[in-house]
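Below are the chains, spelled out letter by letter.
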Amino acid sequence: MKVLVVHTMHSSTINQMLSVEGQEENYWGFLGFWNRMSPKLESFDIEIRYLLSEAFLPLLDRQKALEKLQNVRRAEKYCLMEQDFDALWDDASNADDNACLLTSFGMGDYCPDIIVAHDDLKRLRSLFPDAALLGIEVGAYSRPPYPGTFFFDPYSFDCEKIVPGFVEAKNDLTSGLPDLLDKIRSLATPAFDAIPAGAREYLDQIGARYKNTLLLAVQYASPRYSPYTRHPSLLELVQDALDHCPTDTAIVICPRAHNFRAFPISYADWADLQARHDNVLVFPEDLMWPYYTQMLVPHVDGVIAVTSTVGLQAALWGKHWFTSPECFYVDITPSYEHIKSSLKTGVSKDTVDYVNWMTQYFWIPNLMLSNPELLAAILSVAHISRAESPASYLRLLREELEGVPGFFNQVLSCYARIDDRHNRGQVIEIISL
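Position numbers for residues count from 1 along each chain, tracking the sequence in the order it is written. Totals for whole chains, interfaces and linings use all residues, but because this is a predicted model, local features are given only for residues with pLDDT of at least 70 and pairs of side-chain atoms are given and counted only at 80 or more. With hydrogens and water excluded, all non-hydrogen atoms of the structure serve as input to the side-chain values.

## Concerning the overall build of the protein
Keep this limit in mind: For helices the rule is a DSSP run of H or I covering at least 4 residues; for strands it is a run of E covering at least 2, with both sets numbered from the N terminus onward. The quantity called the radius of gyration is restricted to C-alpha atoms. Its globule counterpart is 2.2 Å times the number of residues to the power 0.38. Accessible area is worked out with a 1.4 Å probe on protein chains only. A residue is then buried under 20% of its type maximum, exposed over 50%, and partly exposed in between.
Summing up its helical and strand segments, the protein has 20 helices and twelve strands in all. Against the compact-globule benchmark of 22 Å for 433 residues, the protein has a radius of gyration of 22 Å, which places it among compact chains. With respect to the three principal axes, the spread of C-alpha positions in the protein is 65 × 50 × 45 Å. Expressed as a percentage of the 433 residues in the protein, the buried residues total 55%.

## Regarding the pattern of salt bridges
Quick note on the threshold: Counted as salt bridges are all cases of a side-chain nitrogen of Lys or Arg within 4 Å of a carboxyl oxygen of Asp or Glu.
A full pass over the atoms with the stated rule returns 14 salt bridges. Here Arg49 makes a salt bridge to Glu47, at a shortest N to O gap of 3.2 Å. For Lys349, the salt bridge is made with Asp353, and the minimal N-O distance between the two is 2.8 Å. Note that Lys349 and Asp353 are positioned in helix α16 (residues 349–361) at a spacing of four residues, about one turn of the helix. Taken together, the salt bridges that share partners define one network made up of Lys170, Lys349, Asp350 and Asp353.

## Details of the confidence of the model for the protein
Should pLDDT be low for a region, the predicted coordinates there are not to be read in detail. Rule in force here: What pLDDT expresses is the predictor's confidence in each residue, scored from 0 to 100. Here, residues are in contact when the closest pair of their heavy atoms is within 4.5 Å.
In the predicted model, the protein carries a mean pLDDT of 91, and the fraction of residues at 70 or more is 94%. For residues 427–433, every residue scores under 50 in pLDDT, and the model assigns this stretch 30 contacts once sequence neighbours within four places are set aside.

## Thoughts on the packing of aromatic side chains
Rule in force here: Classification of ring pairs rests on two measures: the distance between centres of Phe, Tyr or Trp rings, Trp counted by its six-membered ring, which must be within 6.5 Å, and the angle between planes, read as stacked under 30 degrees, edge-to-face over 60 and tilted in between.
Counted by the stated rule, this structure contains 25 aromatic pairs. Measuring from ring centre to ring centre gives 5.1 Å for Phe33 and Phe150, while their planes differ by 85°; the resulting arrangement is edge-to-face. Separated by 117 residues along the polypeptide, Phe33 in helix α2 (residues 31–41) and Phe150 in strand β6 (residues 149–153) bring together distant segments of the chain. Judged by its relative accessible area of 0%, Phe33 falls in the buried class.

## Some points on the nonpolar core
Which entries qualify depends on this criterion: We define a nonpolar core as any set of buried Ala, Val, Leu, Ile, Met, Phe, Trp, Tyr and Cys residues linked to one another through side-chain atoms lying within 4.5 Å.
Core analysis: the biggest nonpolar cluster contains 135 residues, and Trp34, Tyr329, Tyr354, Phe362 and Trp363 have the highest contact counts within it. The biggest single contributor to this core is helix α18 (residues 372–383), with seven residues. Excluding its chain neighbours within four sequence positions, the residues that come into contact with Phe362 are Phe150, Phe151, Phe152, Asp153, Cys159, Ile162, Trp357, Tyr393, Leu394 and Leu397. Residues Leu80, Phe85, Leu88 and Phe105 belong to the second largest nonpolar core, which totals 20 residues.

## Description of the sheet that holds β6
Using the following cut-off: For two strands to be treated as a pair, DSSP must find no fewer than two bridges joining them.
Read across the open sheet, the seven strands follow the order β3-β2-β1-β4-β5-β6-β12; overall the sheet is mixed. The open sheet is flanked by β3 (77–80) and β12 (364–365), the only strands paired with a single partner. Bridge count for strand β5 (residues 132–138) against β6 is four bridges, and the pairing is antiparallel. Its bridge partner being in β6, Gly135 is matched across the sheet by Asp153.

## Some details on the pairing of strand β4 (residues 114–117)
Side-chain alternation along β4 places Ile114 and Val116 on one buried face and Ile115 and Ala117 on a second face that is also buried. As paired strands, strand β1 (residues 2–7) and β4 are joined by four bridges and run parallel to one another. Residue pairing in the sheet places Val6 in a bridge with Ala117 of β4.

## Focus: the sheet that holds strand β11 (residues 320–322)
Whenever strands of a sheet pair, they do so through backbone hydrogen bonds, lying parallel or antiparallel. Where we set the bar: Here, axes are lines fitted to C-alpha atoms. For helices the fit covers the stretch in contact, and angles between N-to-C directions go from 0 to 180 degrees.
Taken in spatial order, the five strands of this open sheet run β9-β8-β7-β10-β11, and their pairing is parallel. Sheet topology places β9 (280–282) and β11 at the edges, where each strand pairs with a single neighbour. Recorded for the sheet is a direction-independent mean angle of 25° between the axes of neighbouring strands. Summarising the sheet, strand β10 (residues 302–304) and β11 pair through three bridges and their orientation is parallel. Residue pairing across strands places Val303 opposite Trp321, the latter belonging to β11. Sheet strands touched by helix α11 (residues 234–243): β7 (212–217), β8 (249–254), β9 and β10. Its angle to β8, the strand with the most contacts, is close to 165°.

## Details of the packing of α16 against helix α20 (residues 407–415)
The geometry of a pair of packed helices is captured by two quantities: the angle between their axes and the separation between those axes. Quick note on the threshold: These descriptions rest on fixed angle ranges, namely under 35 degrees for roughly parallel, over 145 for roughly antiparallel, 65 to 115 for roughly perpendicular, and the rest for oblique. Amino acid classes used here: Ala, Val, Leu, Ile, Met, Phe, Trp, Tyr, Cys and Pro are nonpolar; Asp, Glu, Lys and Arg are charged; the rest, including Gly, are polar.
Viewed as axis vectors pointing N to C, α16 and α20 meet at an angle of 100°, and their least axial separation amounts to 9 Å. With respect to α20, the axis of α16 lies roughly perpendicular. Here Thr359, Gln360 and Tyr361 of α16 come into contact with α20, specifically with Phe407, Phe408, Val411 and Tyr415. Across the contact of α16 with α20, the residue classes tally to five nonpolar, two polar and no charged.

## Side note on the side chain of Gln360
Rules: Counting of polar contacts relies on pairs of N or O atoms within 3.5 Å, with two restrictions inside protein: one atom must be capable of donating a hydrogen and the other of accepting it, and residues adjacent in sequence are counted only when both atoms are side-chain atoms.
Of note, Gln360 is situated in helix α16. From its side chain, Gln360 meets the backbone oxygen of Pro178 in a polar contact 3.0 Å long. Every residue in contact with Gln360, bar those within four places of it in the chain, is listed here: Leu177, Pro178, Leu180, Phe407, Phe408 and Val411.

## Observations concerning helix α19 (residues 390–402)
Using the following cut-off: To estimate how far a helix should extend, the number of its residues minus one is multiplied by 1.5 Å. Arc, as used here, means the arc of the directions from the helix axis to the C-beta atoms.
Relative to the 18 Å expected for 13 residues at 1.5 Å per residue, α19 spans 18 Å between its end C-alpha atoms, a close match to the ideal helical length. Among all positions of α19, only Pro390, Ala391, Tyr393, Leu394, Leu397, Arg398 and Leu401 are buried. Within α19, the buried residues cover an arc of 160° as seen down the axis, which keeps them to one side. Where α19 is buried, its residues touch β6, α8 (162–174), α16, β12, α18 and α20.

## Here we look at the environment of Ala416
Note on placement: Ala416 falls in the segment after α20. Note on Ala416: relative accessible area 42%, which makes it partly exposed. It is 44 Å that separates the C-alpha atoms of Ala416 and Ala271, two residues lying 145 residues apart in sequence.

## A look at the packing of α8 against α19
Test applied: With the far helix as reference, a near helix turned anticlockwise by less than a right angle produces a left-handed crossing, and one turned clockwise produces a right-handed crossing.
Taken N-terminus to C-terminus, the directions of α8 and α19 make an angle of 50°; their axes are 7 Å apart at the nearest point. As summarised for this structure, α8 and α19 are arranged oblique, according to the angle between their axes. Between α8 and α19 lies a crossing of right-handed hand. In this structure, α8 contributes Ile162, Gly165, Phe166, Glu168, Ala169, Asp172, Leu173 and Thr174 to the contact, and α19 contributes Pro390, Ala391, Leu394, Arg395 and Arg398. When its residues are assigned to classes, the contact of α8 with α19 shows seven nonpolar, two polar and four charged.

Have a look at this one:
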């Protein structure tokens, strides 16, 4: 099986990367993962090649790449010219344009069976119509103290088509399914109870004033977020959520602490919003620490998040998760338009079922994916995905993984390995590992 790993990075990103000392690994994407796994996959007749950005190729001669990307350096590599970046995201094409683009890669007659990319490079589907195109992304659990997880999406890069596929096949997928979420909670509770005293006191103060507390995870413009809300700004999204929120429920806005730190609401707009809604707050900056939002989830009543993994994590802890009305996740969890009714009726069982299944069969722990036999099996199932509907693919995936000896126990053992790096305030960019 021939697998082409595509790494897209524009020179502007490269320049920003080089301005921060010691951060180059954080921008390798998943190359570190494939560097480790490519030699192990050879015995399964799986060959890894790479299509790398023009601006990234010189970085392979930097010291860290010499030390940690040896197998990538030795592998067959092709070049994605910077002038062709926009073309890969464009779905429109003709035969002549495709021929020119393929020639620019320098691939000759090479044709992959599987293409793995971190971005939705629609053009690759017309360039390689016989290949399965897989999106690779971190799963719902990706930051300490959770174990890191990955997933491969053969349909939509962001689970947009996986969700309705799950809904269609839910009876088959969840039949006899053990409750892994309860076991994970019991393992993780001590780590999540150990939040700083200041953060606990802040939540207690809110709890004394309001009946319910909801966190709103701030997300920033990206192809994995922006298409799934009609609001172009955070201010408009927050206002819409407040319009559907009972006044006895506090919404605590949680900006990121480890990157994209700027709060994208002006002082004047924020003052006006608070003057009209005394139940909207922002988590104090002096109390923030890396990945603090996920650590607060067990201590509140729920989360408002469009596509943020913090919303998915809410279901793990038996908390409410409200997405946006425009998001594909409304097939399995309520939108913020239903905050009032949902707070009265309890957490959605559909949400819990989805997260329980995905935790076991889709968001695979990195430690398990480091087993070449398991990774080869997942790639083999993904290879035939082009001929299957998302619902059928999920059935096949569960069947394949359940054939792995001791699979369930392996999954659980990964969650038993609580990562203590969160106690040291470290920022862990897991995709480079």
